[in-house]
Amino acid sequence: MLSPFSVLFEPVPIGPVVAPNRFYQVPHCNGFGHRMPQSHAAMRAVKAEGGWGVVCTEEVEIHYTTDLSPYVEGRLWDDEDIAPYARIAEAIHQHGALAGIELTYNGHAASNLYSRSPAFGMRSMSLIGGSGYEPGQCRAASKDDLRQIRRWHRAAALRARQAGFDIIYCYAAHGLSLAFHLLSPRNDRSDEYGGSLTNRVRFLRELIEDTKEAVGDRCAVALRFAVDELIGPEGLTHDGEAAEIVSLLAELPDLWDVNIAGWSNDSATSRFEKEGYQEQYIAFVKRLTTRPVVGVGRYTSPEAMVSAIRRGVMDLIGAARPSIADPFLPQKIREHRLEDIRECIGCNICVTGDTRFVPIRCTQNPTMGEEWRRGWHPERIAPRKSDSQILVIGGGPAGLEAARALGQRGYAVVLIEASREWGGRIAHESRLPGLQEWRRVADWRLTQLKKMPHVAMYLSSPTTASDVLETGFRHILIATGATWRRDGVGRHRHIPLTETAQCFTPDDVFAGRLPAGRVVIYDDDHYYLGSVLAEHLVEHGCRVTLVTPAPTIACWTQFTLEQERIYERLLRLGVILIPHHRLASWTPGLLTLTHIITATPTMLPADALLLVTERIPNDDLYHHLLPALHQRQIHTLRRIGDAEAPGIIAQAVFSGHLAAREFDEVIDPDRTPFRRE
Ligand code: ADP
Ligand code: SF4
């Protein structure tokens, strides 16, 4: 029988090479970059093993004057850098995939904090790399400088070929590279690299021609091009100049890799954009070129992928996040194991590897980033070492993942949950505006657990220490989560409020107890929840003011690339935003704030106060069971997830996974449990 998905497994010629199928892992950052090449190679290899036909690196700097530090990207500055890239290409090739490399010269988007050598830019203009506000400017690239940059790019392409790469990129996307800056209508140069569109395209055309001439005999030359900046006529638009650019260069590259700029638009979170959201922008490209086109849009469903191919939107299904959440997505489609696909939830925790300069992590896939340092594999896990039976208490992300991974190892597990539904915080939070896809964290685990006859699961089973001891289980994992504080204590306040009448917490909202009237949300948590609750309360008729001690609203969401969209949404909803203020006192009807720096007081009339500050771990059960552990009535007792240390969902999943991997292992607390490079 012909599979409805067989089109996805057709080979696609790309210039002189052939992609074995249509699954294309587009370039994505990972926090390893040049600093941790072994971790990087192992992570890319797992994608290739999982069936991605093409696996690419992230941005790779071609020269020390385009040093992207503090971000940790790739580096191919000179011949010394070839060896680690050869390892990456080899790791990808081992599994039959093509290896792609995204070469880049970033102009004023490179802050050169490490090399201390000013970048060459379109003109001498303010740096936008680093913090976004690095003091200083790049130097204007003369025509000679542009010629020199072309030489550097050519040399890097030759190095990439020597390292074994099959697809070599010219990069003009995300608003980040000099080639893109020169394309821009904002390019005001008066020489033949500015002014008319033909002039503005010149550098990119030369870059592609040079690269083809240098390596085109053996390597495909891809162009990564952002067809819309979503800033209207000030930038490139898909129905304006971007279409003309595609026409001008149509057959020149061997592959068009198209998306939208900037990165926050390209990697929009599921709170703001759904699967396939880029189609409306990129669909025109295939009409203007016969070269294969790859596009992205957080595709996780094979039906949507097939449809994008059949409708002629793209030839190759590009993916960064879906390949991070499930490196084995292609193989699962091939084997018709669709229910096993671990779908990306679009939260962008993976992006924070890059934006926080640490190894990549993923909410859905706790093995992401751990391939080399812990030897973890997304599909394989060590079999059980004993006949031990384990009781897991709490069915949130930590408990579900621990039970699933223990079950995968073959242990007999009983998972119990106090409430009437699985998912813990996921069940509640995924009902809030925009967060529906987060349900996938619970759904995927439940699907897997239901296939395991040796895992028993019980809802509506609030459990006490004496219940636990009665069960006779000797191994207990406590995944009982955490409870939001009602007393205002948090980062910026250490003394509890004396008055808590009309004080609400997120847990109240989850339980359907909503404040009414004029509500102040006090956000000392700084991630998404305060802003999502603001939306939720506006939907329920409240007049909402969001107060935070931080200098900006939802401060940490800058790292998940969501902050601007959050601002836009809240401002459109009429939410009043008050940053830089700390909670001073509360009596129902009146809130007093003080400015975080000057201590100037402000009075705010308010009917209710919703406190999003800190959580208290629900670890009573753990403490009640400790004596039984000491008396050897039980053999192991471990807290995981928010019950151990309240954190993001990714951390709870990781913690559950770690506990499952470490079960029956002797853990030496004096030994670092992972390799370093
Ligand atoms: P985490 O993010 O660490 O997984 P959650 O708060 O999402 O934490 O999930 C914890 C789950 O544990 C909740 O669904 C909660 O109902 C459940 N739970 C808490 N205490 C008990 C208990 N004593 N017995 C059984 N289940 C419990
Ligand atoms: Fe998807 Fe979130 Fe994983 Fe990134 S961290 S791949 S957005 S689930």
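Quick caveat, the model's predicted, so the values are computed rather than measured.

Draft legend 1. Here's a closer look at the site of ligand 1. The environment of ligand 1 is formed by 20 residues, the closest being Ala398, Glu417, Ala418, Arg425 and Asp642. For ligand 1, an oxygen atom lies 2.7 Å from a polar atom in the backbone of aspartate 642. A total of 580 Å² of accessible area belongs to ligand 1 in isolation, and the protein chains cover 85% of it. Tallied by class, the residues present in the shell around ligand 1 amount to eight nonpolar, nine polar and three charged.

Draft legend 2. Just the site of ligand 2, in detail. The immediate surroundings of ligand 2 are formed by Arg321, Ile324, Ala325, Cys344, Ile345, Gly346, Cys347, Asn348, Ile349, Cys350, Cys362 and Thr363. Of the residues belonging to the shell around ligand 2, the class tally is eight nonpolar, three polar and one charged.

Draft legend 3. Quick look at helix α20 (residues 563-572). What α20 keeps buried is the set Gln563, Arg565, Ile566 and Leu570. Burial along α20 is one-sided: seen end-on, the buried residues are contained in an arc of 160°. In α20, the exposed positions that point more than 90 degrees away from the buried face belong to Glu564, Leu571 and Arg572. Along its buried surface, α20 packs onto α7 (263-266), α19 (529-539), β21 (543-547) and β22 (576-578). Among the residues trailing α20, glycine 574 stands out with phi positive, at a value near 80°.

Draft legend 4. Inspection of unusual backbone geometry at higher detail. Serine 69 connects to proline 70 through a cis peptide bond whose omega is 10°. Following alanine 261, the chain continues to glycine 262 via a peptide bond in cis, the omega torsion being -15°. Take glycine 262: it is sitting in the loop between β11 (255-259) and α7. Not every positive phi belongs to a glycine, and histidine 336 is a case in point at roughly 60°. Assignment of secondary structure puts histidine 336 in the loop between α12 (329-334) and α13 (351-355). Exposure remark for histidine 336: the relative accessible area of 39% places this residue in the partly exposed category. Backbone geometry at histidine 526 places phi at a positive 75°, although glycine is not the residue there. One can find histidine 526 in the loop between β20 (518-523) and α19. Judged by its relative accessible area of 8%, histidine 526 falls in the buried class.

Draft legend 5. Just the pairing of β21, in detail. Of all five residues making up β21, four are buried, and the element is well covered by its neighbours. For the handedness criterion, the β-α-β arrangement of β20, α19 and β21 is classed as right-handed. As paired strands, β21 and β22 are joined by three bridges and run parallel to one another. Note that in β22 the partner of valine 547 across the bridge is isoleucine 578. Assessed by its sense of winding, the connection that carries the chain from β21 through α20 to β22 is right-handed.

Draft legend 6. The arrangement of the packing of aromatic side chains in detail. Enumeration according to the criterion identifies 15 aromatic pairs in this entry. Members of the aromatic cluster, connected to one another through ring pairs, are Trp438, Tyr527, Tyr528, Trp556 and Phe559. The residue whose ring lies beneath arginine 373 is phenylalanine 674, and the NZ or CZ to ring-centre distance is 4.7 Å.

Draft legend 7. Highlighting the nonpolar core. Ranked by size, the top nonpolar core spans 93 residues in total, and within it Leu8, Phe225 and Val227 carry the most contacts. Beyond its immediate chain neighbours, meaning those up to four positions away, phenylalanine 225 contacts Ala172, Ala173, Leu183, Leu236, Ala242, Ile245, Val246, Trp256, Asp257, Val258 and Asn259. Core analysis: the second largest hydrophobic core is formed by 63 residues, Phe272, Ala403, Leu449 and Ala652 among them.

Draft legend 8. Structural context of the packing of helix α5 (residues 197-215) against helix α6 (residues 241-249). At a minimum axis separation of 11 Å, α5 and α6 run at an interaxial angle of 45°. The orientation of α5 with respect to α6, classified from their angle, is oblique. In this structure, α5 meets α6 at a crossing whose hand is right-handed. Side by side, α5 and α6 meet where Leu197, Arg200, Val201, Leu204, Arg205 and Ile208 of the first sit next to Glu241, Glu244, Ile245, Leu248 and Leu249 of the second. Looking at side-chain class alone, the contact of α5 with α6 contains seven nonpolar, no polar and four charged residues.

Draft legend 9. Quick peek at the sheet that holds strand β17 (residues 475-478). If you walk across this open sheet you meet the five strands as β16-β15-β14-β17-β28, and the pairing is parallel. Since the sheet does not close on itself, it has two edges, and those belong to β16 (455-458) and β28 (636-639), each with one partner. Strand-to-strand twist across the sheet, computed as the mean angle between neighbouring axes with direction ignored, equals 15°. The pairing of strand β14 (residues 389-393) with β17 spans four bridges and is parallel. Bridge assignment links valine 392 to a residue of β17, and that residue is leucine 477.

Here is what the cut-offs are and how they apply
- Residues numbered from 1 in each chain as written.
- Chains lettered and ligands numbered in written order.
- Predicted model: local features only at pLDDT ≥ 70, side-chain atom pairs only at ≥ 80, totals over all residues.
- Heavy atoms only, no water.
- Near = heavy atom within 4 Å.
- Polar contact = N/O pair within 3.5 Å; in protein donor to acceptor, adjacent residues only side chain to side chain.
- Areas by Shrake-Rupley, 256 points an atom, 1.4 Å probe, with all protein chains shown as cover.
- Nonpolar A, V, L, I, M, F, W, Y, C, P; charged D, E, K, R; others polar.
- Buried < 20%, exposed > 50% of the residue type's maximum accessible area, 1.4 Å probe, protein only.
- Helix = DSSP H or I, 4+ residues; strand = E, 2+ residues; numbered from the N terminus.
- Arc of directions from axis to C-beta.
- Contact = heavy atoms within 4.5 Å.
- Right-handed = clockwise from strand over helix to strand, strands pointing away.
- Pairing = 2+ DSSP bridges.
- Phe/Tyr/Trp six-rings, centres within 6.5 Å; stacked < 30°, edge-to-face > 60°.
- Lys NZ or Arg CZ within 6 Å of the ring centre and 35° of its normal.
- Core = buried A, V, L, I, M, F, W, Y, C linked by side-chain atoms within 4.5 Å.
- Axes fitted to C-alpha atoms, helices over the stretch in contact; angles between N-to-C directions.
- Parallel < 35°, antiparallel > 145°, perpendicular 65-115°, else oblique.
- Left-handed = near helix turned anticlockwise from the far one by under 90°.

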